[in-house]
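Understanding the architecture of this molecule
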Amino acid sequence: MRFHLEASLRLSGDAAKAEGDLAEFFENQAADLLKKGAPEGMGARVSGWRIAEDRLEITIESDRYVRAHDALLRLRKPLADLLGRKHRLGIRGIDVSRFEIQIESDRPITHRIPYVRESKYEDGRLTLLLGVEDPKRGWTWMLENRIPDRIVNLLEEKLQSYGGKAEHWELLWESPPREIKFNGDPTQEMLKRGWIKHGSARGQWIHGPQSTHLFRTFEKIVLEEILEPLGYREMIFPKLDTWDVWKRSGHAQGVYPEIYYVCPPKSRDPAFWEEVIDYYKVTHEVPLDLIKEKIDYPIGGMCYAQCPTFWVFLQGATLPNDELPIRVFDRSGTSHRYESGGIHGIERVDEFHRIEIVWLGTKEQVMEEAERLKERYRRIFEEILELRWRMAWVTPWFMAQEGKTGLAEMEGAGTIDYEALLPYSGNWIEFQNLSVNGEKYPKGFSVKAQSGETLWSGCSGVGLERWTSVFLGQKGLDPENWPDEFRKRFGEMPKGFRFL
């Protein structure tokens, strides 16, 4: 990796009288500064400099160990001291005439990268030419905010992950085979019996009394077997995630293709919307193009992962030692993900229902709580639902984004996927997960412990659509084929609707 930077420091006056001192600085002090921290023979170097009245123009060549923009920032303070002390000159800002990054690659980049004005690929080398995009945020802002470093990191991530990286998956436990009571598609059978109907939106279902009672029975089992015995307190988490929440939670790194975006109106004044209202009254059609002009930028999106908005409740707080561990859950509303072409039945939908379980404390407390939850899930899946299921350790979403895949890199954090067999297709489907997220959320939302000990957290989502899919997929829709322990909890089947 090579960097080439041609920059100038804007000065408060003509620097001609400082030429001798500057020559001595670049000959001696600068050379040492730009090698500091780099391996022998590596680092950055000033390949040229000159005074142009009230500007000091500098050209820097570097490798990856002391990147050219970092080298320029290293030089700025000692230059400011030198020019200010002896010549009463100040540094007013930084301008860049050319900033070029070269990196080895086996292919070109075919899409636009922010702040990259031009890119070309030749002889196994990718060359990027950087430029300013926002006049209000010039080169000084770009360099101080490490935009070039982020571009390099993004580039390396894309080059490494081209074609998709395989997720780490390691089997932990598998239940014994069980008698198959049903071989059909549970969604199709529920439709046939009138338990569910398609909603008006894609990937959305309306659940009738029978299906809803099944959901509520699963909820009751989770409450009685997990949440109440372990001391979880119910909360209501917001179902609109703003950008600030997603930036802190890490989802802003890559959630964009799956968000249902939320845009507020530019004005609530009825007069502002009068032409939209009149258009519909005359045509009985909704003028989408006109509405598009009258809504503002997205403020975020509909609930995607459920737990991030909880952390705003604790943001910036210091928790007493005797308050830990904290255990909470939310079941107050739907979550939404745009599943693209992957929607199927009730198991892969755009709108779904979950119970979100969240806990936080010291590392030891969080790990112990995860073990307690695992034992509770095992009892439910084995003794109450009697499923054909298995547990696997997989790469959690945040580690995948950071390029980590193996168990050795997780250091106690990680995700367990619970998978169940769908007999009609022969496929295993994830229907439950449990994640130990390490310090990611407490650190992202600045939550601290009174003791000063690092806080960890975990979360576990109970997806009611997925539980229904695997239970009915294995047991069928006739209660006489259901396990006795579950039938006791389910009670009588509610009466559905008749249609003429």
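Residues numbered from 1 in each chain as written. Predicted model: local features only at pLDDT ≥ 70, side-chain atom pairs only at ≥ 80, totals over all residues. Heavy atoms only, no water.

Things to note about the confidence of the model for the protein chain
For clarity, the threshold we go by: pLDDT expresses, on a scale from 0 to 100, how confident the predictor is about each individual residue. The criterion used for residue contact is that any of the two residues' heavy atoms lie within 4.5 Å.
Looking at the protein chain as a whole, the pLDDT averages 90, with 94% of positions reaching at least 70. The low-confidence segment residues 161-166, where pLDDT is below 50, has five contacts with residues more than four positions distant or belonging to other chains. In the model, residues 405-409 has pLDDT below 50 throughout and makes nine contacts with residues more than four positions away in sequence or in other chains.

A short note on the sheet that holds strand S3 (residues 55-62)
Threshold: When DSSP finds two or more bridges between a pair of strands, those strands are recorded as paired. Each helix corresponds to a stretch of at least 4 residues labelled H or I by DSSP, and each strand to a stretch of at least 2 residues labelled E; elements are numbered beginning at the N terminus. Note on geometry: axes are lines fitted to C-alpha atoms, helical ones only across the stretch in contact, with angles between N-to-C directions running from 0 to 180 degrees.
With antiparallel pairing, the six strands of this open sheet are ordered in space as S2-S3-S1-S4-S6-S5. The open sheet has two edge strands, strand S2 (44-52) and strand S5 (116-122), and neither has a second partner. Direction aside, the axes of adjacent strands within the sheet are offset by 15° on average. Lying on the sheet, helix H1 (residues 19-27) is in contact with S2 and S3; it crosses S2 at an angle near 175°. On top of the sheet, helix H3 (residues 68-87) reaches strand S1 (2-11), S2, S3 and strand S4 (91-104); it is set at about 25° to S1, its chief contact.

A short note on the packing of aromatic side chains
Going by this rule: When the centres of two rings from Phe, Tyr and Trp lie within 6.5 Å, Trp using its six-membered ring, the rings pair. Their planes under 30 degrees apart give stacked, over 60 give edge-to-face, and anything left gives tilted. Buried, partly exposed and exposed residues are distinguished by accessible area as a fraction of the type maximum, computed with a 1.4 Å probe on protein chains only: under 20%, between the cut-offs, and over 50%, respectively. Two conditions define a charge sitting above a ring: the NZ of Lys or the CZ of Arg must be within 6 Å of the ring centre, and it must be within 35 degrees of the ring normal.
Evaluation of the coordinates by the stated rule reveals 30 aromatic pairs. Here Tyr115 and Trp141 contribute two aromatic rings whose centre-to-centre distance is 6.3 Å and whose plane-to-plane angle is 40°, an arrangement assigned as tilted. Of this pair, Tyr115 sits in the loop between S4 and S5 while Trp141 sits in helix H4 (residues 139-144), and the two are 26 residues apart along the sequence. With relative accessibility at 13%, the residue Tyr115 sits in the buried group. Look at Trp141 and you get partly exposed, because its relative accessible area is 26%. For the ring pair Phe310 and Trp311, a centre distance of 5.4 Å and an interplane angle of 70° mean the geometry is edge-to-face. Per residue, the accessibility class of Phe310 equals that of Trp311, and both read buried. An aromatic cluster is defined as three or more aromatic residues linked by ring pairs; in this entry it consists of Trp173, Phe218, Tyr377, Phe381, Trp389, Tyr418, Phe431, Trp467, Phe471, Trp482, Phe486 and Phe490. Note that Lys197 overlies the ring of Phe499, its terminal NZ or CZ placed 4.5 Å from the centroid. Above the face of the Trp428 ring, Arg390 is positioned so that its terminal group lies 4.0 Å from the ring centre.

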